[in-house]
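Descriptive analysis of the structure
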Amino acid sequence: MSSTRKLWIWLISLLVISFAVLLLVGRDISFKMPPIPERVVATNGEKIYTRADIQRGRQVWQSMGGMQLGSIWGHGGYVAPDWSADWLHREAMTILDGWSRREYGGREYGQLRQEEQAQLQGRLQEQMRANTYDPGTRTITLSVERAQAIRSVSRHYESLFGNDPATATLRENYAMKNDTIPEAAHRRAMSAFFWWTAWAATTERPGSQITYTNNWPSEPAVGNRPPALTFIWSAFSVSFLLAGIALLGWHHAVTHARKEEKHDLPKTDPLRGITVTPSMQATAKYFWLVLALFLVQILFGAMTAHYQIEGQLVYGYEAAEILPYSITRTWHTQLAVLWIATAWLGTGLYISPAISGYEPKFQALGVNILWVCLLIIVVGSFAGQWLAVMQRLGLENNFWWGHQGWEYADMGRFWQWFLFLGLLIWLVLVGRALWPALRERSESRSIVALFFMSTVAIGLFYAAALFWNEHTHISMVEYWRWWLVHLWVEGFFEVFATAVIAFLFTRLGLIPVRTATVAVLFATIIFMAGGVLGTLHHLYFSGTSTAVLALGASFSALEVVPLAYIGFEAYDHWRLGSAMPWMRRYKWPVMFFLAVSFWNVVGAGLFGFLINPPLSLYYMQGLNLTALHAHTALFGVYGMLGVGLVLFCLRGMRPDLYWNEKVLKISFWCFNIGLALMALLTLLPLGTLQLLAAINHGYWYARSAEFKQQPLVELLIWMRVPGDTIFSIGALALVYFVISLWLWPKPEADEEEARKHDRPPAGARPESAE
């Protein structure tokens, strides 16, 4: 049995077992998620909330931006509080202050001696952690004191989300527009939803001393501390990581020692002989769209960051009344996925005919229709989200046409269906172009098959966004949402990219096909070994059981292992990038691939593992250390890869043009330096300060206005300006470079240079002069 066939068996077996376990965990979550009661009543019979109130409140929360304005259970935006933690702390302190005034001569709780505070805290923990949910009647019964505290906290939120001058300063600190929710009845209903998320976070599961959210968030007043399992599985995750890297190092050493015989490199560029078909030329508009979406994403990113300083203003303008924070952040995060995905969709459409040498009938028409569909989806979904956040769409229309409120899955259900159908069209277009190569029994068949399998997975796995409905339990929504965000983006796009890069290097003749095939299959196996079940590390505190905590900790540690493998391969990519004189043509695409390796190790690996173990994430979830990982991994890995793929396609599409390498050099280094400064000057130090605040005072304080209005915190936020500015220069340089290929094309000096590339083009400065 050949090694390639063995690897295929390993890969298929691994995927079957991993997804079977993932589905079983989903079934377990559906049984153990926190219950939504039919009624919440006080011991004196007073009705507090109904199930309809809680469900209606969630609809209101989603319509105003949901996770894009603050967070729930740690998932969402960073400027406003985590509403679950904020409610929990406010309710606890309201009860403690009431008891203190009544029993200690009118003194507030904060004025009591430590032993007096401890006595009241013990009583509070006993009351708030007790599970009074009756499965028979589906009723939660609370004390009269808690009912009074709930009314008091609810009045605070009704004031905050309205236009009350008493909470105007707090609205500004949270970057909320006035009248975020104009209707008082809707504000009261949303308070019911906030209360329920806090109830699940402080109420112990039946037969357990751990809450439904595994004691998250950290809240000393109610005894929410990391459970022992977070310590145990965090220690195991480190052990799994070290073992995985050790095995990988051993494997690399063995395979490196058994390298195949010396490979003869081609004397000229093999890709120059590829015929650029009409459908391949038609993909140019995809790359133009990529650049447009990228620039708009940067613009909204700058606005979103600036809201952290001026609250409701952007450079002195009252932008919040037109483009509130929840909209700019929605569009910023959504555009990040859209422009990167568009780059890869365009690459797939360009590469497929190049692999097979076959142009199906009406392929160019299909490419053009799909591009129009992408435009309609972007404009339509963004318009619906704006109307929803401005409260002009109505709750009855919001789910289908407006803002679903789930980070990275914000677009209305109609637009999700439209995008899913668009991905199916893309799958058909790529598949029909690849079909002759799939049928041909050649050495590269495995790479082509893996490329096609990843295309199928990208097309079909977006369907996870359709697996929840408007009133699906939030724990199950989170389960399916992370199928979309983690598996679709971080999983199958990674395999797609690995297969594309392997194809490019084999077609360039730089790597033997057999060597590349074994390498890409092995890389896919180690990606998927941790990647599938590693999805669960996003769900530690989302109303899930301890099984999620154990599996997520174990396999998310293994996610870092393939990133070390990428680090091993980085040098080979660099070496191949200068192996022959004609490879100068591909210097900057290869440089971007090299940057992908670096940020994979640093952003996805180092910063990812920083927050992945359960004990770390218990305190770090929803802090700027999470944003540190998100920014350095999303752009550093997938964004850099998208740019590299675009440049590779453009080189093939415009083969006879001279490239201004100085502009690409500026773009490359500005991207990398700007991203590094953003991470090191703001996100890392600010996240570290928040981490200390969460450990010392509780999670609520790390996300509070009191913490974020400190002068040091504001200074760290301003420190983003240098990095953001340099990064933006890199984006403008890239756009200028691409525009120049069409508006100011400069042909290569002569036919001999175009063929050999042994000397720089006429009129160009030598490399040493740069």
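Residues numbered from 1 in each chain as written. Predicted model: local features only at pLDDT ≥ 70, side-chain atom pairs only at ≥ 80, totals over all residues. Heavy atoms only, no water.

This part takes up a nonpolar patch on the surface. Among the surface-exposed residues, Trp-400, Trp-401, Phe-414, Trp-417 and Leu-421 lie close enough to one another that they form a single nonpolar patch of about 500 Å² accessible area. When contributions to the nonpolar patch are tallied by element, the ones reaching two or more residues are helix H13 (395–401) and helix H14 (413–439). Along the chain, the position of Leu-421 falls in helix H14. Residue classification places Leu-421 among the partly exposed positions, given a relative accessible area of 47%. (Patch = residues over 30% accessible without salt bridge, like charges linked within 9 Å, V, L, I, M, F, W, Y side chains within 5 Å. Areas by Shrake-Rupley, 256 points an atom, 1.4 Å probe, with all protein chains shown as cover. Salt bridge = Lys/Arg side-chain N within 4 Å of Asp/Glu carboxyl O. Helix = DSSP H or I, 4+ residues; strand = E, 2+ residues; numbered from the N terminus. Buried < 20%, exposed > 50% of the residue type's maximum accessible area, 1.4 Å probe, protein only.)

For the rest of this paragraph, the subject is the environment of Gly-394. With respect to the secondary-structure elements, Gly-394 resides in the loop between helix H12 (363–389) and H13. Sequence spacing of Gly-394 and Val-60 is 334 residues, and the spatial spacing of their C-alpha atoms is 9.4 Å.

Sheet topology note: the strand S1 (residues 39–42)/strand S6 (residues 139–142) ladder contains four bridges and is parallel. Pairing of Ala-42 across the sheet is with Leu-142, part of S6. Here two bridges tie strand S5 (residues 133–134) to S6, and the two strands are oriented antiparallel to one another. When the sheet's bridge partners are listed, Tyr-133 is paired in S6 with Ile-140. Hairpin connection between S5 and S6: a loop of four residues separates the two successive antiparallel strands, and Arg-138 in this loop has a positive phi of roughly 55°. (Pairing = 2+ DSSP bridges.)

Quick look at the sheet that holds strand S2 (residues 47–50) now. As summarised here, the arrangement of the four strands in space is S2-S1-S6-S5, forming an open sheet in which the pairing is mixed. One side of each edge strand has no neighbouring strand; the edge strands of this open sheet are S2 and S5. Contacts between helix H5 (residues 144–160) and the sheet are confined to S1, S2 and S6, with S2 contributing the most and set at about 60° to the helix. (Contact = heavy atoms within 4.5 Å. Axes fitted to C-alpha atoms, helices over the stretch in contact; angles between N-to-C directions.)

Its place among the elements puts Ser-356 in helix H11 (residues 325–356). In terms of polar contacts, Ser-356 uses its side chain to reach the backbone carbonyl oxygen of Ala-433, at 2.6 Å. Look past the residues within four positions of Ser-356 in its chain and what remains in contact with it is Ala-433, Leu-434, Pro-436 and Ala-437. (Polar contact = N/O pair within 3.5 Å; in protein donor to acceptor, adjacent residues only side chain to side chain.)

Inspection of every chain in the model, using the stated rule, returns 16 salt bridges. We note a salt bridge from Arg-123 to Glu-103, for which the minimum N-O separation is 2.8 Å. Of this pair, Arg-123 sits in helix H4 (residues 114–129) while Glu-103 sits in helix H3 (residues 83–103), and the two are 20 residues apart along the sequence. Note on Glu-103: relative accessible area 34%, which makes it partly exposed. Residues Glu-115 and Arg-113 are paired through a salt bridge, measuring 2.8 Å at the closest nitrogen-oxygen approach. For Arg-113, a relative accessible area of 47% corresponds to the partly exposed category.

One rule of thumb: low pLDDT means the predicted coordinates there are not for detailed reading. Overall, the prediction assigns the protein chain a mean pLDDT of 88, with 92% of residues at 70 or greater. Counting interchain partners and residues more than four positions distant, the pLDDT-below-50 stretch residues 750–770 has 29 contacts. (pLDDT = per-residue confidence, 0-100.)

This part takes up the packing of helix H10 (residues 284–310) against H11. Where H10 meets H11, the axes come as close as 8 Å, and the angle between the chain directions of the two elements is 160°. Judged by the angle between their axes, H10 and H11 are roughly antiparallel. Where H10 crosses over H11, the handedness of that crossing is left-handed. For the contact of H10 with H11, the per-class residue count stands at 18 nonpolar, eight polar and one charged. (Parallel < 35°, antiparallel > 145°, perpendicular 65-115°, else oblique. Left-handed = near helix turned anticlockwise from the far one by under 90°. Nonpolar A, V, L, I, M, F, W, Y, C, P; charged D, E, K, R; others polar.)

Let's shift gears to the nonpolar core. Core analysis: the biggest nonpolar cluster contains 247 residues, and Trp-61, Trp-83, Phe-161, Phe-194 and Trp-195 have the highest contact counts within it. Of the residues forming this core, the biggest block, 24 residues, is contributed by helix H16 (residues 474–507). When neighbours within four sequence positions are excluded, Trp-61 is seen to be in contact with Gly-66, Met-67, Ile-72, Trp-83, Met-190, Phe-193, Phe-194, Gly-405 and Trp-406. (Core = buried A, V, L, I, M, F, W, Y, C linked by side-chain atoms within 4.5 Å.)

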